[in-house]
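Here's the letter readout for the chains.
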Amino acid sequence: MGIAEALNSFVTFATQTIIRFKKMKKIAVVGAGTMGNGIAHVFAQFGYDVNLIDVSQDALDRALKTIDKNLERQVSKEKITAEDKTATLSRITTVTDLSKGVADRELVVEAATENVDLKLKIFKQMDEFAPADCILASNTSSISITKIGAATSRPEKVIGMHFMNPVPIMKLVEIIRGYATSNEVTNLIMETSKSLTKVPVEVNDYPGFVANRILMPMINEAICTLYEGVAGVEEIDTVMKLGMAHPMGPLQLADFIGLDVCLSILNVLYEGFGNPKYAPCPLLVNMVTAGKKGVKSGEGFYNWTHGTKDLVLAPNFSK
Ligand SMILES: NC(=O)c1ccc[n+]([C@@H]2O[C@H](COP(=O)([O-])OP(=O)(O)OC[C@H]3O[C@@H](n4cnc5c(N)ncnc54)[C@H](O)[C@@H]3O)[C@@H](O)[C@H]2O)c1
């Protein structure tokens, strides 16, 4: 190896090492809903200073209450101490002005409502107001990271950090590399996820990434199996629970995720690949059109008006 080559490999090694061990401290989470409060919770629990940003003050107040309640549960299970809880809460600041909330941050994780136009607008704003070296991540379930990156002046620093619900409990973070995402940013985000005691898995940016590309066709097939009269709701869910050791059946899971969310992700797969195998089942389309969205609307395949503990069939599917 020549001197120039040796010097070059040393510089590459040193740069990667510095990047590998550079622990970020200041982060922001945009969107304080179901996912945003969980993401803020875990970052704060593991020592990060968190600005939690939302357009709605109500959402921020609700998020703090939820984080408090979830931390209290961790204390009662002796997973953390009461001091840890106080310290975690003290590291979270709520903010309604995005331009202020991202101004001095090293990483921003966007977890706002799943809507392409909204996300592109938020990423343009984050690009304008966050420092030039700040990494911009999205928790999107289905929107292209490459597309989001292309709306900014720093696509190499845009990446997907797909946390799972409920964030404080679920170990997986699907790390999605956009077409332009750099190796350095990917490595740093993998390390950052590990610092939260999560297990990151790196995947490329194609419709549905990995999690939803596999999960949603299974849910769709369960709905088609019901639609074609092969079996009823309870029978389908029981086969998958007891036969495949799934913790809940695919129809119950669809009700929990939200039937509107399932439909929208299936449409992303259908349009993204142009393949009819992803076409949403007409029964799913009908149910969403009729406002039956699962747990959040009180009815889907099951009736949820009495809570989520007992499985009661929805009137359309009871015998
Ligand atoms: N819910 C899940 O199980 C789940 C799982 C994985 C990923 N995701 C993804 O996480 C993201 C958030 O989903 P969620 O279920 O938490 O949604 P949610 O509806 O519970 O919360 C969204 C929040 O975004 C806020 N918001 C809207 N516009 C905003 C803006 N311009 N600036 C700041 N905040 C804004 C809303 O006020 C709301 O509080 C979506 O991209 C979704 O696809 C959701």
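Residues numbered from 1 in each chain as written. Predicted model: local features only at pLDDT ≥ 70, side-chain atom pairs only at ≥ 80, totals over all residues.

## Section: the confidence of the model for the chain
Overall, the predicted model of the chain reaches an average pLDDT of 94, with 93% of residues at or above 70. The low-confidence segment residues 17-21 (pLDDT under 50) makes five contacts with residues lying over four places distant or belonging to another chain. (pLDDT = per-residue confidence, 0-100. Contact = placed C-beta atoms within 7 Å.)

## Observations concerning the site of the ligand
Among the 24 residues in the neighbourhood of the ligand, the closest are listed as Gly31, Gly33, Met35, Ser141 and Asn165. If you list the elements that add at least two residues to the shell around the ligand, you get helix H2 (34-45) and helix H6 (116-129). Here the shell around the ligand gets three residues from one element, more than from any other, and that element is H2. Partitioning the shell around the ligand into residue classes produces 11 nonpolar, 11 polar and two charged. (Near = placed C-beta within 6 Å. Helix = DSSP H or I, 4+ residues; strand = E, 2+ residues; numbered from the N terminus. Nonpolar A, V, L, I, M, F, W, Y, C, P; charged D, E, K, R; others polar.)

## Side note on the nonpolar core
Among the nonpolar cores identified, the biggest contains 50 residues, and Val29, Ile39, Ala40, Val108 and Ile159 are the most heavily contacted of them. Tallying contributions element by element places H2 first for this core, with six residues. If we skip the residues at most four places from it in the chain, Ile159 touches Ile135, Ala137, Ile145, Ile175, Ile176, Arg177, Gly178, Thr181, Val185, Thr186 and Ile189. (Core = buried A, V, L, I, M, F, W, Y, C linked by C-beta atoms within 7 Å. Buried ≥ 20, exposed ≤ 12 C-beta atoms within 10 Å, placed from the backbone.)

## Some thoughts on the pairing of strand S5 (residues 135-138)
Of the two faces of S5, both are covered, the one formed by Ile135 and Ala137 as well as the one formed by Leu136 and Ser138. Following the backbone out of strand S4 (residues 107-110), through H6 and into the adjacent parallel S5, one traces a crossover that is right-handed. Following the backbone out of S5, through helix H7 (residues 145-150) and into the adjacent parallel strand S6 (residues 158-163), one traces a crossover that is right-handed. (Right-handed = clockwise from strand over helix to strand, strands pointing away.)

## Concerning the domain arrangement of the chain
In terms of domains, the chain is made up of domain 1 (3-204) and domain 2 (212-309). For domain 1 and domain 2, the distance between their C-alpha centres works out to 29 Å. (Domains from an automatic or database assignment.)

## Some details on the packing of helix H9 (residues 211-227) against helix H12 (residues 259-273)
Between H9 and H12, the shortest axis-to-axis distance is 10 Å and the interhelical angle comes to 115°. The crossing of H9 and H12 is left-handed. For the pair H9 and H12, the contacting residues are Asn212, Arg213, Met216, Ile219 and Asn220 in the first and Cys262, Ile265, Leu266 and Leu269 in the second. Split into classes, the residues belonging to the contact of H9 with H12 amount to six nonpolar, two polar and one charged. (Axes fitted to C-alpha atoms, helices over the stretch in contact; angles between N-to-C directions. Left-handed = near helix turned anticlockwise from the far one by under 90°.)

## Notes on the pairing of strand S7 (residues 172-177)
Counting buried positions over the six residues of S7 gives five, a clear majority of the element. Two elements, S7 and strand S8 (residues 199-204), share six bridges in a ladder whose sense is parallel. Bridge pairing links Ile176 to Val203 in S8. At this point the chain moves from S7, through helix H8 (residues 183-195), to the parallel S8, and the crossover so formed is right-handed. (Pairing = 2+ DSSP bridges.)

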